[in-house]
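The lines below spell out each chain.
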Amino acid sequence: MTTLLKAQPLVDQKIADLTKRCQTLIQNGRTPFMKVVLVGNNPASLTYIKNKKRICEMVGAKFELDQLDDKITKDEFLKHIEKLNNDPAVTGIIIQLPVSPELKTLRITNLVNPEKDIDGFHSKNTQWLYEGSYQTNHLLPCTPKGIIGLLDFYQIPLKGKHAVVIGRSLIVGKPISMLLSNRDATVTLAHSKTENLVELTKSADIIISAVGRAELITVSHINPQRKTVIIDVGMNTLDGKLVGDVKFDEVSPLVAAISPVPGGVGPMTVISLVENLILATEKKS
Ligand code: GUN
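Residues numbered from 1 in each chain as written. Predicted model: local features only at pLDDT ≥ 70, side-chain atom pairs only at ≥ 80, totals over all residues. Heavy atoms only, no water.

## Concerning the pattern of salt bridges
As enumerated under the stated definition, the model contains 11 salt bridges in all. The residue Arg-226 makes a salt bridge to Asp-205 at a minimum N-O spacing of 3.1 Å. You can see Arg-226 sitting in the loop between β7 (206-209) and β8 (229-232) and its partner Asp-205 sitting in the loop between α7 (197-202) and β7, a full 21 residues away along the chain. On the basis of relative accessibility, which here comes to 33%, the residue Arg-226 falls in the partly exposed class. For Asp-205, a relative accessible area of 17% puts it in the buried group. Linked by salt bridges that have partners in common, Asp-17, Arg-21 and Glu-282 make up one network. (Salt bridge = Lys/Arg side-chain N within 4 Å of Asp/Glu carboxyl O. Helix = DSSP H or I, 4+ residues; strand = E, 2+ residues; numbered from the N terminus. Buried < 20%, exposed > 50% of the residue type's maximum accessible area, 1.4 Å probe, protein only.)

Dropping the structure here:
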């Protein structure tokens, strides 16, 4: 029987814990306050932001969206972020990506004050990954943090296991590779130029696909003898439906466990973000 790595049971536990921690902070006069900065009105971004707001408010934290015109100049944008960095009421800031082409030349990931960087993108925060730490009191990038949380919740062993990560993005592929290595997995980081992907995935105990291509992973990538665990980070639309990177119907019977899309990594990313907000607020208190 294949185990479905659904986020909901873990999300329920985390919401209960974060609600308590949020209440304690509020009693001490420190309301967790998330600001999301969106440039323009990208529909996918607006959907992600709606989810962030919902979970924030569910645990009792404050949420505000600053939606900026996509014609905003670099100077005006930098001033806006500086104001939020210096506002003592704001305890967590997200610059929703992508930003407008004009702003892309800015080093966006390092603009937010590292103490308020709940995305975990600032080099002062990613430094912890390089240093080999896996401490829960650091602001780690949300999707990788959520993936590790999901693997731990379902008691999937990592030590000594071969993990094949596909995709080398700054948001998912690179940081999850380091977190897995810090947890004693043997990590192969594959990408679009990798020549022997099928060979690699067939020797994997854990496959993490973060490419953003529907039906990339098929039966031909799986060795059914290995009892592989698959984490599908993809969010793609196929025939009007939200699907991951894995051809789910044909692959899922051949593996030990697989995270569904939707309902797997997506909700873990949002809960990790709110967890980072509470953590950032606690550290300031
Ligand atoms: N756009 C897509 N994913 C993300 C994310 O994790 N953080 C931010 N800030 N923008 C995104």
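## Structural notes on a nonpolar patch on the surface
There is a patch of nonpolar side chains on the surface, built from Tyr-48, Met-235 and Leu-242 and spanning about 260 Å² of accessible area. The partly exposed category is assigned to Tyr-48, whose relative accessible area is 36%. (Patch = residues over 30% accessible without salt bridge, like charges linked within 9 Å, V, L, I, M, F, W, Y side chains within 5 Å. Areas by Shrake-Rupley, 256 points an atom, 1.4 Å probe, with all protein chains shown as cover.)

## Observations concerning the site of the ligand
With respect to spatial proximity, the complete set of residues near the ligand consists of Ile-94, Ile-95, Gln-96, Leu-97, Asp-119 and Phe-121. At 2.8 Å from a nitrogen atom of the ligand is found a main-chain nitrogen or oxygen belonging to Ile-95. The separation between a nitrogen atom of the ligand and a polar side-chain atom of Asp-119 is 2.7 Å. Protein coverage of the free-state accessible area of the ligand, which is 280 Å², stands at 80%. (Near = heavy atom within 4 Å. Polar contact = N/O pair within 3.5 Å; in protein donor to acceptor, adjacent residues only side chain to side chain.)

## Some remarks on the environment of Asp-117
Secondary-structure assignment places Asp-117 in the loop between β4 (92-95) and α4 (123-130). The exposure class assigned to Asp-117 is buried, which follows from its relative accessible area of 3%. Among all residues touching Asp-117, those that are not within four sequence positions of it are Ile-93, Val-112, His-122, Asn-125 and Leu-139. (Contact = heavy atoms within 4.5 Å.)

## Let's talk about the nonpolar core
Within the largest apolar cluster, 54 residues are counted, with the highest numbers of intra-cluster contacts made by Met-34, Ile-147, Leu-180, Ile-208 and Ile-231. When residues of this core are assigned to their parent elements, the largest contribution, 10 residues, is made by helix α9 (residues 265-284). (Core = buried A, V, L, I, M, F, W, Y, C linked by side-chain atoms within 4.5 Å.)

## Let's talk about empty space enclosed by the protein
The probe, sized like a water molecule, is rolled over the atoms to show the empty space still left. Tallied over the entire structure, the rule returns 1 cavity of 30 Å³ or more. One number sums up the size of the largest cavity: a volume of about 70 Å³. Lining the largest cavity are Ile-93, Ile-94, Ile-95, Leu-97, Ile-108, Thr-109, Val-112, Asp-117, Asp-119 and Phe-121. Across the lining of the largest cavity, the residue classes break down as 7 nonpolar, 1 polar and 2 charged. (1 Å grid on protein atoms, 1.4 Å probe; cavity = no way out; pocket = protein on both sides within 12 Å on 5 of 7 lines; lining within 4 Å. Points joined across faces, edges and corners; volume = space filled by probe spheres on them. Nonpolar A, V, L, I, M, F, W, Y, C, P; charged D, E, K, R; others polar.)

## Description of helix α1 (residues 8-27)
Taking 1.5 Å per residue, 20 residues should reach 28 Å; α1 reaches 28 Å between its end C-alpha atoms and fits that length. Where α1 is buried, its residues meet α2 (43-59), α5 (142-153) and α9. Positive backbone phi, approximately 75 degrees, marks Gly-29, located one or two places after α1. (Expected span 1.5 Å × (residues − 1).)

## So, the layout of surface pockets
Of the volumes computed, that of the second largest pocket is approximately 320 Å³. What lines the second largest pocket is a set of 17 residues, among which Lys-241, Val-243, Val-246, Phe-248 and Asp-249 lie closest to the centre. For the lining of the second largest pocket, the elements supplying multiple residues, two or more each, are β10 (241-243) and α8 (248-251). When the residues that make up the lining of the second largest pocket are grouped by side-chain class, the tally is 9 nonpolar, 2 polar and 6 charged.

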